[in-house]
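Descriptive structure summary
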Amino acid sequence: MGGKPVRPVVDGKRQCCRCLLWKSVSEFRENSRSATGFQYYCIDCGSKGDREYMSTPEAKAIDRIWRDSNQERYLFYSARRRARKGLVPFTITLEDIVIPEVCPMLGIILEPGRGKKGAVPSSPSLDRIIPELGYVPGNVQVISHQANTMKSNATLKELKAFAAWVATLEVE
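Now for a description of the structure that goes with this document. None of these values were measured; they are calculated from a predicted model. (Residues numbered from 1 in each chain as written. Predicted model: local features only at pLDDT ≥ 70, side-chain atom pairs only at ≥ 80, totals over all residues. Heavy atoms only, no water.)

Concerning the overall build of the protein chain
The condition is simple: Where helices and strands are cited, they refer to DSSP runs of H or I of at least four residues and of E of at least two residues respectively, numbered from the N terminus. Here the globule rule is a power law, 2.2 Å times the number of residues to the power 0.38, and the radius of gyration is based on C-alpha atoms. Only protein chains enter the accessibility calculation, which uses a 1.4 Å probe; a residue is then buried when its area is under 20% of its type maximum, exposed when over 50%, and partly exposed in between. Any two residues having at least one pair of non-hydrogen atoms within 4.5 Å are treated as being in contact. What sets the accessible areas is the Shrake-Rupley method with a 1.4 Å probe; for residues, cover comes only from the shown protein chains. Charged-residue counts in this description rest on Lys and Arg as positive and Asp and Glu as negative, His and the chain ends being excluded. Throughout, a charge is located at the NZ atom of Lys, the CZ atom of Arg, the CG atom of Asp or the CD atom of Glu.
A count of helical and extended segments in the protein chain gives five helices and six strands. When the elements of the protein chain are put in sequence order from the N terminus, they spell out β-β-α-α-α-β-β-β-β-α-α. On C-alpha atoms alone, the protein chain measures out to a radius of gyration of 23 Å, which is more than a quarter above the 16 Å that the 2.2 N^0.38 rule sets for 172 residues. The principal-axis extents of the C-alpha atoms in the protein chain amount to approximately 80 × 35 × 25 Å. The buried share of the protein chain, reckoned over its 172 residues, is 24%. Contacts in the protein chain between residues at least 24 apart in sequence constitute 40% of all its contacts with a sequence separation of at least 6. Accessible surface, the protein chain: about 12,200 Å² in total, of which carbon and sulfur atoms supply 57%. Here the protein chain carries 26 positive and 19 negative side-chain charges, and the mean point of each set is 9 Å from the other.

Now the structure itself:
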């Protein structure tokens, strides 16, 4: 039979097949397909392997292709991760995320893309209309990354002052 050798659980501990250290089973992710019910490697080794793999050019290219062809899912999973991290309510479904062709706030065409340091201004971005309510149905909209950045970093008073200042610069 092929496969990895079974490393049994002894006194609530098992040996990681990568670092070879004996660790508590709480330091292993569950895996219903494994003979012991846990991953063969510990969480630390798995995270290290994931980071190493995701830093390769091939993995980045695959990730970019997936992200560009699954924009709604990418926005959904990213929002769910941020909600868990920030302890914000998250009850939306994939159907609650609708990407319009044009940003409703700035009128620019929304197109997936990333620059060297992250999203480009025209990238779709999931906005919480009232941030304190979280990601709940009726409180999310897709706008451009540029619009979301402007909205998130400024108060209404600051946005009005900025708009008034820009209006004074316009030449007819």
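Read on, since the account is not over.
Re the pairing of strand 5 (residues 124–128)
The following threshold applies: A pair of strands counts as paired when DSSP detects no fewer than two bridges linking them.
Across the five residues of strand 5, four count as buried, placing the element largely inside the fold. Here strand 5 pairs with strand 6 (residues 140–144) via five bridges, running antiparallel. Bridging from a neighbouring strand, Leu126 pairs with Val142 of strand 6.

Side note on the environment of Ser144
The criterion, for reference: Side-chain atoms alone can form a polar contact between residues adjacent in sequence; in general such a contact is a pair of N or O atoms within 3.5 Å, and within protein one must be able to donate a hydrogen while the other accepts it.
Along the polypeptide, Ser144 turns up in strand 6. You can call Ser144 buried: its relative accessible area is 0%. Once residues within four sequence positions are removed from consideration, Ser144 is found in contact with Cys103, Leu106, Ile108, Leu110, Pro121, Ser123 and Ser125. Among the polar contacts made by the side chain of Ser144, one reaches the main-chain amide nitrogen of Ala147 at a distance of 3.1 Å.

Here we look at the environment of Ile62
Within the secondary structure layout, Ile62 lies in helix 2 (residues 57–69). Exposure remark for Ile62: the relative accessible area of 51% places this residue in the exposed category. Spatially, the C-alpha atom of Ile62 lies 26 Å from that of Cys42, the residues being 20 residues apart in sequence.

Looking at the packing of aromatic side chains
Applicable threshold: Pairing of aromatic side chains requires ring centres within 6.5 Å, counting the rings of Phe and Tyr and the six-membered ring of Trp. Pairs whose planes differ by under 30 degrees are stacked, by over 60 edge-to-face, and all others tilted.
Per the counting criterion, the structure on display carries four aromatic pairs. A ring pair is formed by Phe76 and Tyr77, whose centres lie 5.5 Å apart and whose planes are at 70 degrees; its orientation type is edge-to-face. Classification of Tyr77 by relative accessible area gives partly exposed; the value is 34%. Between the aromatic rings of Phe76 and Phe90, the centroid separation amounts to 5.2 Å while the plane-to-plane angle is 65 degrees, which identifies the pairing as edge-to-face. Within this pair, whereas Phe76 is found in helix 3 (residues 71–86), its partner Phe90 is found in the loop between helix 3 and strand 3 (114–115), the two being separated by 14 residues in sequence. Take Phe76: its relative accessible area is 12%, and that puts it in the buried class. By relative accessible area, Phe90 is classed as partly exposed at 21%. Through a chain of ring-to-ring contacts, the aromatic side chains of Phe76, Tyr77, Phe90 and Tyr135 assemble into a single cluster.

Some words on helix 3
Owing to its 3.6 residues per turn, the α-helix brings residues three or four apart onto one side. The following threshold applies: Residue count minus one, scaled by 1.5 Å, sets the expected span of a helix.
If you check helix 3, its first and last C-alpha atoms are 22 Å apart, about what 16 residues at 1.5 Å a residue would give, namely 22 Å. Its buried side turned inward, helix 3 meets helix 2, strand 5 and strand 6. Two residues or fewer after helix 3 comes Leu87, characterised by a positive phi angle close to 55 degrees.

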